[in-house]
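What follows is each chain in one-letter form.
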Amino acid sequence: MCLSLDSLDDDTLLGVFSALTVPDVLNLRQTCHRLLFFSSQQIVWQNIGSSQILQQGIPFSKKPLSSFSVRDLEERVRRAYHLGEAWKAPSITFRASSFAASRGGPIQDIHFIPGYDRRWLITVSQGIWSMITLWDRRNLTRVTSWSPEKAVFSNLAVNTSEDCEATLAVSLHRYDSVVVEILAITSAAPDSPPGFECVARLNTLRQPIAMVGSLVALADDEAETIIWNWKTQEYAVLQSPVEADLWRNKCTQIVFAYKTILVVRARSVHAFAEPKLASHPNTCVHYPYAQSTFGWVDGIFVSNPPFSPKDPTRMEGQPLSILVRTKNDDPWSSTFKIQLWTLSPMTSSYQTTVDGPYYNFPPSMTKEIVTPRRGALRCTDMVLGPYGTAVWVQPEDYSVAGLISSNVHLQNMPVPQSHETLVAAAFPGLLNTQGEPQVKSSWKNCGKNWTCLDYDEERGCVALGSAAGAVTILDI
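This is a predicted model, so every value here is computed, not measured.

About the thresholds
Residues numbered from 1 in each chain as written. Predicted model: local features only at pLDDT ≥ 70, side-chain atom pairs only at ≥ 80, totals over all residues. Heavy atoms only, no water. Helix = DSSP H or I, 4+ residues; strand = E, 2+ residues; numbered from the N terminus. Buried < 20%, exposed > 50% of the residue type's maximum accessible area, 1.4 Å probe, protein only. Polar contact = N/O pair within 3.5 Å; in protein donor to acceptor, adjacent residues only side chain to side chain. Contact = heavy atoms within 4.5 Å. Arc of directions from axis to C-beta. Pairing = 2+ DSSP bridges. Axes fitted to C-alpha atoms, helices over the stretch in contact; angles between N-to-C directions. Expected span 1.5 Å × (residues − 1). Salt bridge = Lys/Arg side-chain N within 4 Å of Asp/Glu carboxyl O. Lys, Arg positive; Asp, Glu negative; His and termini not counted.

Draft legend 1. Spatial organisation of the side chain of Asn 229. Positionally, Asn 229 belongs in strand β12 (residues 224-229). Looking at Asn 229, the relative accessible area reads 12%, which means it is buried. Within the local environment of Asn 229, its side chain forms a polar contact with the backbone nitrogen of Thr 232, the two atoms lying 3.1 Å apart. If we ignore the near neighbours within four places in the chain, the residues touching Asn 229 are Ser 214, Leu 215, Glu 234 and Leu 277.

Draft legend 2. Examining helix α1 (residues 10-18) more closely. If you check which residues of α1 are buried, you get Leu 13, Leu 14 and Phe 17. Each buried residue of α1 sits inside an arc of 105 degrees when the element is viewed along its axis, so together they form one side. Buried residues belonging to α1 abut α2 (22-28), α3 (33-38) and α4 (42-54). At the N-terminal end of α1, a side-chain oxygen is found 3.1 Å from the backbone nitrogen of Asp 11, two or three residues along, and the residue is Asp 9.

Draft legend 3. Main features of the sheet that holds strand β21 (residues 335-343). Taking strand neighbours across the sheet as the criterion, the 4 strands line up as β19-β20-β21-β22 in an open arrangement whose pairing is antiparallel. Where the open sheet ends on each side, the last strands, each with one partner, are β19 (297-303) and β22 (364-372). Adjacent strand axes in the sheet meet at a mean angle of 15 degrees when their direction is disregarded.

Draft legend 4. Region of interest: helix α5 (residues 70-88). A rise of 1.5 Å per residue sets the reference length of α5, with its 19 residues, at 27 Å; its end C-alpha atoms lie 27 Å apart and thus fit the reference within 8%. Residues of α5 that are buried include every one of Leu 73, Glu 74, Arg 76, Val 77, Arg 79, Ala 80, Tyr 81, Leu 83, Gly 84, Ala 86 and Trp 87, and no others.

Draft legend 5. Up close: the sheet that holds strand β16 (residues 269-273). If you walk across this open sheet you meet the 4 strands as β14-β15-β16-β18, and the pairing is antiparallel. Every other strand in the sheet has two partners, leaving β14 (251-257) and β18 (290-292) as the edge strands with one partner each. This sheet shows a mean twist of 15 degrees between the axes of neighbouring strands, independent of strand direction. Of the strand pairs in this sheet, strand β15 (residues 260-265) and β16 are connected by 5 bridges, and their pairing is antiparallel.

Draft legend 6. Up close: the environment of Val 180. Looking at where Val 180 falls in the secondary structure, it is placed in strand β8 (residues 177-186). The class for Val 180 is buried, based on a relative accessible area of 0%. A C-alpha to C-alpha distance of 9.9 Å links Val 180 and Ser 154, two positions 26 residues apart in sequence. When residues no more than four places from it in sequence are discounted, the contact partners of Val 180 are Ala 169, Val 170, Ser 171, Ala 200, Arg 201, Leu 202, Thr 204, Arg 206, Pro 208 and Leu 218.

Draft legend 7. Fine view of the pattern of salt bridges. A full pass over the atoms with the stated rule returns 15 salt bridges. For the salt bridge of Asp 10 with Arg 34, the shortest nitrogen-to-oxygen distance reads 2.7 Å. Taken together, the positions of Asp 10 in helix α1 and Arg 34 in helix α3 put the pair 24 residues apart, joining distant regions of the chain. Arg 34 gets classed as partly exposed once you look at its relative accessible area, which sits at 26%.

Draft legend 8. Expanded view of the side chain of Glu 420. Along the polypeptide, Glu 420 turns up in the loop between β24 (389-394) and β25 (421-426). One buried charged residue, Glu 420, remains without a salt bridge, the closest side chain of opposite sign being Arg 378 at 5.3 Å. At a separation of 2.7 Å, a polar atom in the side chain of Glu 420 contacts the side chain of Asn 445. A polar atom in the side chain of Glu 420 sits 2.6 Å from the backbone nitrogen of Trp 450. In this view, Glu 420 contacts Val 393, Gln 394, Pro 395, Glu 396, Trp 443, Lys 444, Asn 445, Lys 448, Asn 449 and Trp 450; residues no more than four positions away in its chain are not counted.

This is the structure in structure tokens:
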């Protein structure tokens, strides 16, 4: 007796579908109406998402699989499967699209907005006054803009928590005041376009560096960091040691890790035990339990570990990854380095107090990529995702043309051209099992100079702003 899949009961059929790859399911659903209907069930895509995406270490949303509609879940699982296969391949190909985001002025900053179906992107530009513009990245159209009168932005932080009440923290400088405003993206009615609304305000000279939920991390250019809850108005003061030979130690990143707040500055990294916030006046000052330095570098980016279904906090007992772009003092050097460092968690037997330490300092270098030295580094942004994929800009090579003159009256030989490139790499992990970093793509920029970038690892998407006011979107 010969059995067909169509004759199996639902429980058995569910087990069959759970063992299939995403392409197999898509092919099988085309064979008959019953399999088409069955392959559109929520439980089918939850099982596939769990076994083939989450357990395989492929970038995916932190939200539970059951929180998505079946249509949204299928689209996300299919996209994640494609992304995983792309990163595991020898090379990846980007699909590029561009649009003009500013009228001639440079794009100063660019960010993907977490949540909101991951459809929104913001750019920061400046004419007479600064402006934030919200874009729909699905059709590359402008949604709304926000430009307070007579104000210039000094820094901006995007909320990394999805679908929170507040989305941005912006530092505004006016001739008579400096203030940090907390902005929400709201709509007056379900069918009306969204806009920016200020929901909280703080008078401070410190600039917003990071935002997680209702917490905003603000810092000065020397040694002080403030953790502020904009809802409760409670705060805590973190004080780093002041280096006597440094008049400026700009804060570039603040990371909320496991029971630790990591303050990354131009010349130092300090680890503070997670402080208890209190209302004003809060006279308690917190000092770091550990610190380290990478010397003079062109960039540092710290990444938390990836989401784990078994550990929704994502962080307990997991190491932090640190991407460092070195600065070479030798003007004749032909290379610079991209280094991956690991900050390992401290085992519980070595944690002497509730104030830490929670991580084992100093971090250790685990991998290194040596790349050709190029020209001026205009875009210093680089992003390392939780799953070990990273992007950065490699400048154009001024040495290509050498001393050849471009004056047609002096010589008639063609002058070689060089372009800055976007480098996409996968470091060893579930998406790269080779044991060594793998450069997957080098996408040439044939337009104007890039000024900023952001990377959405979950969607496999890179956004780059240029000096000419253009935005380029690269999708894997």
